[in-house]
Each structure stands twice: as C-alpha cells, then as structure tokens.
Amino acid sequence: MRFARLRAQRWYYAHRGVDEPMRALLSSRLPTDRTPLDEAEFVALDIETTGLDVATAHMLSIGWVIVRGGRVQLQTAESYIVRPSKGVGDSASVHGLTDTVVRAGIEWGVVLDKVVSVMRGRILVVHHAGLDKTLLDRMCLKRYGVRLPVPFIDTLELEMRRRRRKHHLESASSLRLSDLRGEYGLPRYLAHDCLVDAIATAELLIAMAAHRRATSLGGVLD
Amino acid sequence: MIEIPEITSYLRGLPGFERLDDASLSACARAIEVAYYRQGDDILTIGSENRRLHIIRSGAVELRGQEGDMLARLAEGEYFGFPSLMNDAVARNHSVAIEDTLVYHLDGEAFARARRASEDFDTWFIRALTDRLTMHPAPQTFRGASGRSVRTLISRPPVSVGPEVSVREATKKMVSERVSAMLVTNGRGVQGIITDRDIRSRVVAAGLDCSGSVAEMMTPNPISLEGDAPAYEAALVMMQRNIHHLPITEEGELVGMVSRSDFMRLETEHPLYLVADIGKQTTSAGVVELSQRIPALIVRQMESDASGEELGKFITTITDTLTRQFLRIAQADLGPPPCDFAWVALGSQGRFEQSAKSDQDNALVLSDAVEPGDDEYFAALAKVVNDGLNDCGYVYCPGDVMAVNPKWRQPVGVWKGYFNRWITIPEQKALMHANIFFDLRCVTGNTKLVDAVKTSVRKDARNNEIFLSLMAKNAMAFQPPLGFFRQFVLERTGDHKHTLDLKRHGIMPIVELARIRSLAAGELRINTRNRLRAAADAGEISASDAASLIDALDFIETLRIEHQGRQLQAGESPDNHLSPKELSPLVRQNLKSAFSQVRVSQAALLNRFHLA
C-alpha cells in the first residue's frame, strides 16, 4: 500500500511529540491511490538556494501554489525571500537577489512554519525534487526534530518513468522544466523566480495527469 | 497581497485588459484558476452554468452551435464565455479544446470588479458582447499637407490700408511691403481688396487718376475663410472663383492672407494641380507621364485622414479626368463624333469607389441616330481611351468589359435590350457577369443617353422577383470569412487561408447587398453608401442595418487604405490581400464584427427572396 511507510513515520513522530504546526501536519489525512484526483490537493513548490551542494546550501527564496479540483489556484500563490544567517555568497548573482534584498526577508523558521502549515493534508509537487526535498527535511529536522513527512511527487521522475515504460529514455536535458512544458503544449514563461517555477510545475502536473487520463491519485503516480 | 508579475504582465497584453490599472490587473491575476484540457475535451457545454471568463493561454478552442456547426476558432490570447457571464445566463455555445490547451479561468466576481473599476474595460467587453465595432479607425498622427488648416499657410501679418487712401499711396505701400495684394480695412473689418492685377486693369489700363481713393477701385467684400478651414478648401475656393488671394479670419477678425503661390510652395503635387495639368496635355504620352504622380498623390491623401469614401471619390475623380482628357485628345485627332455618345464608367469607377488598385470597366452608349459606318470612329475613340488608361496603370478589364469591345459599344436601344434581357430572362451565370453594368455612370458626353437606359432598367427591375432573387443568389458568391485563427483566415468550411482578400470577402459582399437592395427599392443609385441609404428610406432595409453596413464598409475600406498606403510607400504595387499577421487583436475583433454584420444582412437578403 502506497504511503504505508509515510503513515508509520508519522505515527512514530507523533508519539515522540512535536510542536505545532508540525503536530497538525502529522494528524492530517493521507490520500490513497483511490483518492479521486478532483479531491486530492497538491502544493507545487520551488526553492532557490545558495548553492547546489545539499550539505551547505541554504534556502534563499521559496514560492508555492495549491492545485485543487484539478486546477492551479493562483489566489493561493505565495512567495517569500528568506533572511539568511550568513552572507548570500555565490548564488546572489544567479538569482538576481542582492544581500540588501535578502536581508529584508523573513527568518527561515517563520517561512518553514508556513510551508508545514500549507502542506497539511496535501501532496508536495516539485520538479527535480532531490535538492529541495533534502533541504526541507534538513530544515525540519533542525526546527522540529523530524523530517517533512509528506507524500511527494517529482514531475521529472514521473516523466522518466513514463519514458522508461515507452522504452525511449532521452537525455536528461530534455527533462528540464521548460523543455518538458513545451512537449505538453504549455506556454513559455519569461521570468524564472521560484513562484513562476512553482506555477509552471503545477501546470505541468495537471497536464501530465490529463495525458494519463488519470481520474484518481493512483493514475497519476503509476 | 502577493504579486504574480508574470501573469499580470501577460494580462496587460490582452485586448481590453490593457485598459486596467495595475491594482485591478494584480487582482485579476490572483483570481485565475489554471486548467489544462486535452485535445477533444469539452470546456463548456451548451446550457451549462458559467461563472468565469475563459482566457486561452496556449492551445486552441472551437466554439460550436446547437447543431454542432463551427462558429469560431479561438487561439492564444482570445476569450470565450463572457456572453453567458455578463448576461448571467447559461452557456449558449459548446466549447471544445481542439489542441492541448491551457485555459486561465478568471473568476466572475473579479471580472465584475474590474468592469466597475474601469469604464474602458467595461465598454470593451460590452461592445464585444454586442458584436459591435469596438473602435473607429484610429486617427492618424501624421497629417498630409492638404489636411492642414489654412491658418498654417499664413506667413506674415496682414498688410492693409484705409479706404480713403489714394491709389498711389497704396501702390507705394505694396511695393515697400513687397506684396501683390492688400486689404482695405476700416474700424469694422475688411471692406475690400486691391491687387496688382486690379491696379493694372482698373487703373492704368483704364487711364484713371492715381490720386483717386482705393475705395473706388477695390473689389468690395472679398470672399474670406476662417483659419481652421482645411487648406484644401482654400485652394478649391481660389480655383473656383479664379482669385489669387484669400483673406483669412479668426472669428471674423482678420489675421492674414494666403495666395496661390503659398500653395505652390506648399505642395506642387496637390491634386488640383494634377487635374489642371492633365487638362493641358495634348498627347496620350503626356497624360500617361503625368499619371505617374498619382501613387504619390494617393499616399498623400491616405496620410491626410481621408476616409474610404473620400479616397474612393478622390481616385475616381482622377480616373474620370484622365478618361475625359484621353477622349479630348482622341477627338482632336479623329475630329468631331458622327453622332452623340456617352462614355460610361462601370463597376468601382461607376460607383465612385476606386482604390489604389483598380482595373478599368467602361462602355460607350451611342445615340440611336448612329449610322452603320460610324462605328469605325467610335472603335478608334475607344482604343485611344482604353490603351491610355491601361498605360496609366488601370489595366485592361480581364472580362473585356471595355468600350473597345464592340459588344459594349452600342446605341441606347441595344443597351436597353441588353438590360431587358438580363432582367426579364435572367440566367444565373450571365447575370453574374452583368453585375457591374448596374453601376453605370456617365463620365462625359450626352448624359441623357445614359438616363434613358437607366429609366428603362429601373422600370424592368422593380418588382421583378425572379431577377432580384437570382442577383441575391449570385451575391452569395462573395462571403465573408468566419474570422481568424492564429495567423490564418478561417473559412466557414474550416479551411485556413494565409491572406484575407479585403475586396472579395470584405467589400464586395456589401457592394452586392447594396446593389440588390437598391434595385429592389426601385432605385438606381450608383454609390454603395447612397444605395444603402436609399434602400433604408424606401423601407427595403432598416435604417440601423444600413448604418451598420456603412460602418462595416468604412472600417474595411480604412484597413485597405492603410494596407495599400504601406505598399505604395514601400514602392510595391498595391493589392487587396491582407495578412492576418498585420492585424492587432483589436482590429481582428472589429473585422469579425464587420463580417458578422455582413453575414446577418446576407441571411436577411436570402430570407427576403425565400432562398434561405
């Protein structure tokens, strides 16, 4: 059964005792394969970091949007710039954020509380999730003493599995978010901040679900 | 509130939305639900509830009616569902994704708030809803010289003298001020004008004493113009009255004077000069050479805000002038005609609706007194004119409807017979070619000959339902397209074309409608707009239909002017083929409205003759 491990993990965390908002997240409902797609809720999310090394990277900014009823709900879009404990470092020029802008941001713990709150009863969706998910886990460990125990979908991973099934594994470059969106007939977005990327990921998710003719969560995940 | 600049700036680029302020745009951006539809998926079904404005972000959607018939194809950046949203009604069309499509569903409440926040936004959608033209042709920023006001030609303050001053004193002042004319004023305003010419003819040549007062020899109460009158009008007044100077006033107060030389300086290419110059030519080659100035003149007229109607009259007037001059040259060579004749313009020249690209359609109506041997003369006459016009760029009629063709060079009696046959024993195919003959207008010669033919036509055509219904059937050969789809023109059959033939699919359908309605009303007006107005006066069509069709014609002709103006300026030969790529979304929307007006009128015409 899908999410069995996650269910066990949540039970274990809950018995160790954690603070809000993590406590509420642990007691929220988990979906199943049979959950109708229209009833499942997703949080598509993107994080900009100070670097690509999981061990040292810090969150610079974060954006997310909720998918409900099979549609991307732009009124739920949120994005935050995180105030770091250390200097911004190399990544500033990449993301166009200067030290000044970043210092005006919000403390990482406050932002993380918002993430955990919005994840309650929802499924995390990230494109190329590795770094972002690891980073969120590490931050949750630091703040709540537990990892982020949510079901999550990596849209890149979903596409790779589809291609493997169809026996045509393409080079990783064509799995980039913008290239993949093009294949599904989705428009090209000009900006590349984390909110636009989160919206772009959310749209890719609903496009993939439509192409799989999925009506339940299992149909998307398989 | 969190901004989503990517979405906000996308909305700002959409027709209607560009009129919203930043706050309203941000609010709209956040009120969007994004949905993805696969090819073939239904979006709205007929009778379903709709609480949103649907914006196509990528992909394409087809709207279908009750019968599953295609109504429109919409692509990126186009909307649907606003009629049901705004009327608080259920969806009246079926919308289907015909490609994989991403739709921005804008919440109806947010849409309503934006309409309250911006009157322009509201107006745009109300107009889109009622399928009216959402704009009138944009005023041009550049105005050509003949569109200028006459006050811009005034180069110095007026020079004047009192009425009691002697002719000698006045002449001295004219010399020292270096002017060729002077105004005579008293405290109450302009009393008269004296010019070099007046002094020569009325004083010196007449042997009068130079010590007499100017009041005795001036031209009293000279004609004057207000400063805001167009320069064109000033030129016209001077030509018509054969005067060289014109006082200019502002609210009755004298501000200066303009002379013919001011115009010469202004533009040697003024149409009036061309018309005058053409009249001076004694050889066909001379006329043809002058005709090379026509394209530049047309461009100038286009730049000076000329409407389609004005431009049609302008170009036709020049064609008429050329025609008359060729006839004069031919007659100088061939001698006087053996009997009365009338040179007749047909088609667009007949209707006063020529564009920068027109071929020639003409005919000769001869007096019934013509003798068998006389045709040789008229054949030679026709050849000079037809060849001359061809050399001037009015290419030979592809259907050979020209006076040089013996069939179209006949006495009144034969012409009456032609029309009588077309009208009383109509054959569909023959009628299709005969259409332009109903646009006959006498360019020069004995007008009575043409009037005789027209009277007979009017009598035959009126109440002849079989003839009129065949004309109506033929008119359906010219159909406006359904609309646009991306950079293509969408035909009713679902076919895509790369260009829109503005003449065939835009202007001709209206011309045909007007011709039939005017004939049915027992009128034989020639100009399309006059025909529509006359048909409305006679109750053949409603006044509002006539007005809508005229609006549609104005809009399409303006597009044609802009298109041909660009071509002429680029040194290309003008045509009627417009690429949808040249069109802004707003212009597309308006064209669609114009097309739909034409379709409604065509359907009404079919109904009228029980052809539906």
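See the structure printed just above.
Residues numbered from 1 in each chain as written. Chains lettered and ligands numbered in written order. Predicted model: local features only at pLDDT ≥ 70, side-chain atom pairs only at ≥ 80, totals over all residues. Heavy atoms only, no water.

> Which parts of the structure should I look at to understand the packing of aromatic side chains?
Two measures describe an aromatic ring pair: the distance that separates the ring centres and the angle between the ring planes. Residue and element names in this part refer to chain B. Under the defined criterion, the tally for this structure stands at 29 aromatic pairs over all chains. With 5.0 Å between their ring centres and 70° between their planes, phenylalanine 17 and phenylalanine 121 make a pair best called edge-to-face. On the criterion of sequence distance, the pair formed by phenylalanine 17 in the loop between α1 (5–12) and α2 (22–30) and phenylalanine 121 in helix α5 (residues 119–130) is long-range, its members being 104 residues apart. There is no split in this pair, since phenylalanine 17 and phenylalanine 121 are both buried. An aromatic cluster of three or more residues is present, and its members are Trp408, Trp415, Tyr418, Phe419, Trp422, Phe437, Phe438 and Phe467. (Phe/Tyr/Trp six-rings, centres within 6.5 Å; stacked < 30°, edge-to-face > 60°. Helix = DSSP H or I, 4+ residues; strand = E, 2+ residues; numbered from the N terminus. Buried < 20%, exposed > 50% of the residue type's maximum accessible area, 1.4 Å probe, protein only.)

> Quick question: what am I supposed to make of unusual backbone geometry here?
Of all residues except glycine, most have a negative phi; of all peptide bonds, most are trans. Cis geometry marks the peptide bond from glutamate 20 of chain A to proline 21 of chain A, where omega comes out at 0°. Following the sequence through the fold, proline 21 of chain A ends up in the loop between α1 (4–16) and α2 (22–27). Not every positive phi belongs to a glycine, and histidine 128 of chain A is a case in point at roughly 60°. Mapped onto the fold, histidine 128 of chain A is located in the loop between β5 (123–126) and α6 (130–144). By relative accessible area, histidine 128 of chain A is classed as exposed at 56%. Even without glycine at this site, histidine 610 of chain B takes up a positive phi of about 55°. Relative to the helices and strands, histidine 610 of chain B resides in the segment after α24 (585–608).

> How do you make sense of empty space enclosed by the protein when you look at a structure like this?
A probe as big as a water molecule, rolled over the atoms, marks out the empty space that is left. Following the criterion strictly, the structure yields four cavities of 30 Å³ or more and no others. In this model, the largest cavity occupies a volume close to 90 Å³. Surrounding the largest cavity, Leu177, Ser178, Arg181, Pro187, Arg188, Tyr189, Ala191, His192, Val196, Asp197 and Ala200 of chain A form its lining. Residues belonging to the lining of the largest cavity are distributed by class as follows: six nonpolar, two polar and three charged. As a volume, the second largest cavity reaches approximately 70 Å³. Residue lining of the second largest cavity: Gly308, Leu311, Gly312, Glu353, Gln354, Ser355, Glu557, Arg560, Ile561 and Gln564 of chain B, and that is the complete set. Contributing elements (two or more residues each) for the lining of the second largest cavity: α14 (308–334) and α23 (543–569) of chain B. At four residues, α23 of chain B tops the list of elements feeding residues into the lining of the second largest cavity. Taken together, the residues that form the lining of the second largest cavity break down as two nonpolar, five polar and three charged. Shared between two domains, the lining of the second largest cavity holds at least three residues of each, these being domain 3 (271–461) and domain 4 (471–608) of chain B. (1 Å grid on protein atoms, 1.4 Å probe; cavity = no way out; pocket = protein on both sides within 12 Å on 5 of 7 lines; lining within 4 Å. Points joined across faces, edges and corners; volume = space filled by probe spheres on them. Nonpolar A, V, L, I, M, F, W, Y, C, P; charged D, E, K, R; others polar. Domains from an automatic or database assignment.)

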